[in-house]
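Inside the fold
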Amino acid sequence: FSLNLAADCNAVLKALQPIFQEQGMTETVHNWEDHGYLVTYIKKNGSFANLRIHPHGLVLVDLQSYNDHMKGREEADQLLNKVEERMKELFHGNIKRVKRLPAILRGGVIDRYWPTADGRLVEYDIDEVVYDEDSPFQNIKILHSKQFGNILILSGDVNLAESDLAYTQAIMGSGKEDYTGKEVLILGGGDGGILYEIVKLKPKMVTMVEISFDKWPIIHFSLTSNIDQMVIDGCKKYMRKTCGDVLDNLKGECYQVLIEDCIPVLKRYAKEGRMFDYVINDLTAVPISTSPEEDSTWEFLRLILDLSMKVLKQDGKYFTQGNCINLTDALTLYEEQLSRLYCPVEFSKETVCVPSYMELY
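Residues numbered from 1 in each chain as written. Predicted model: local features only at pLDDT ≥ 70, side-chain atom pairs only at ≥ 80, totals over all residues. Heavy atoms only, no water.

**With respect to the UniProt feature "active site" (unreviewed entry) in the protein**
Mapped onto the present numbering, the UniProt feature "active site" (unreviewed entry) falls on Asp282. Its place among the elements puts Asp282 in strand β16 (residues 276–282). Polar contacts involving the side chain of Asp282 include one to the side chain of Tyr167, which spans 2.4 Å. (UniProt positions renumbered as here; feature names shortened; annotations may be inferred. Helix = DSSP H or I, 4+ residues; strand = E, 2+ residues; numbered from the N terminus. Polar contact = N/O pair within 3.5 Å; in protein donor to acceptor, adjacent residues only side chain to side chain.)

What follows is the structure, given as structure tokens:
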């Protein structure tokens, strides 16, 4: 409750006391001369409520209970309805705003809560854990969403859902590129989405570089998004709307998947003089950190950028994802890195809505 006037802490306490007492809850009151009241109400079954009354006019009620059935949720709603009605009676139109947040369900079999790139909490409509395994590099989850289909989540980071063709199309150039007869290098891309879509466009050869368990330095595994053999294995079984059949074999008529550390591969290709028309980096998003000089993630990105430029044809193109548009400082710093490459580059950017991210990227 946000009030239009200062809160009489004692009056609020006395007005709401009977509601909690009717529930058989015992009361403990803490008060501070200038900072209002904190009141806890505890029920015999372990349910409890915190009532926080701030003198400046903010009144907060938090209710926690163990309810795994509809009746318990209805009882909680009824209690909160009574609190709201009594507050409105007490303040006679002097309540500026009443905001009731939906219940957060903790400790459930299915985890429905995942953060956006800029740190906002999103509750997904997850109804099934499809796959949950730990590789030597990361935790790999594939969860089913009613809206988005199966979602690949790596170490708590939402990577890609079956609904997210917009992401794949954007990182390929949004339909503006002609891949016919071209040489393409994909870094990462373990969900298979990019490979699947490019193969449809009749390239000369697509090389996708993944990671092997015994070659990737441990400092890098948290920096690279959807990479390792177990990601491929999970996606080829449970993300087929995204990858089709391209992950069933590591080699096809016009593609190959290398389970190797991409950095030595890039160095080898540069030494051999092998060049590509397109390099697509699906390893990691732009770091959130705004201290690129001190952050090894930025060093990693600069290394990948420099090595990629060395295997890119003079008229070639490099595609990568950035980050959500709210992280303006990090995105600006990334653009600054482009001016520090060993060769001059021109760049453009595009903003797209990726459905399962629930934010613009």
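From this point, things continue past the structure.
**Brief notes about the packing of aromatic side chains**
Enumeration over the complete set of coordinates arrives at eight aromatic pairs. Relative to Tyr238, the ring of Tyr131 has its centre 5.8 Å away and its plane inclined at 45 degrees; by these criteria the two rings are tilted. Highlighted residues: Tyr131 in strand β9 (residues 126–134) and Tyr238 in helix α5 (residues 229–238), separated in sequence by 107 residues. With a centroid separation of 4.8 Å and an interplanar angle of 65 degrees, the aromatic rings of Tyr357 and Tyr361 are classed as edge-to-face. By the burial criterion, Tyr357 is buried, and Tyr361 matches it. Through a chain of ring-to-ring contacts, three or more aromatic side chains come together here, namely Tyr167, Tyr357 and Tyr361. Directly above the aromatic system of Tyr269 lies the positively charged group of Arg274, at a separation of 4.7 Å from the ring centroid. Residue placement shows Lys310 over the ring face of Tyr342; its charged tip is 5.5 Å from the ring centre. (Phe/Tyr/Trp six-rings, centres within 6.5 Å; stacked < 30°, edge-to-face > 60°. Buried < 20%, exposed > 50% of the residue type's maximum accessible area, 1.4 Å probe, protein only. Lys NZ or Arg CZ within 6 Å of the ring centre and 35° of its normal.)

**Some thoughts on the sheet that holds strand β13 (residues 183–188)**
Pairing within the open sheet is parallel, and its five strands lie in the order β15-β14-β13-β16-β17. Of all strands in the sheet, those with a lone pairing partner are β15 (255–259) and β17 (312–320), marking the two edges. Strand after strand, the sheet turns through a mean of 15 degrees between neighbouring axes, direction not considered. Of the strand pairs in this sheet, β16 and β17 are connected by five bridges, and their pairing is parallel. Counterpart to Phe276 in the pairing with β17 is Leu312. (Pairing = 2+ DSSP bridges. Axes fitted to C-alpha atoms, helices over the stretch in contact; angles between N-to-C directions.)

**Concerning the state of the cysteines**
Considering all chains together, one arrives at zero disulfides under this definition. Between Cys324, a free cysteine, and Cys353, which holds the nearest cysteine sulfur, the sulfur-to-sulfur gap is 12 Å. The buried category is assigned to Cys324, whose relative accessible area is 1%. (Disulfide = S-S within 2.5 Å.)

**Section: the nonpolar core**
In this structure, Leu195, Ile198 and Ile280 are the most contacted members of the largest nonpolar core, which totals 51 residues. If we ignore the near neighbours within four places in the chain, the residues touching Ile198 are Met172, Tyr179, Val184, Ile186, Pro203, Val206 and Ile280. Ranked by size, the runner-up nonpolar core spans 26 residues in total, among them Leu283, Trp298, Val311 and Leu341. (Core = buried A, V, L, I, M, F, W, Y, C linked by side-chain atoms within 4.5 Å. Contact = heavy atoms within 4.5 Å.)

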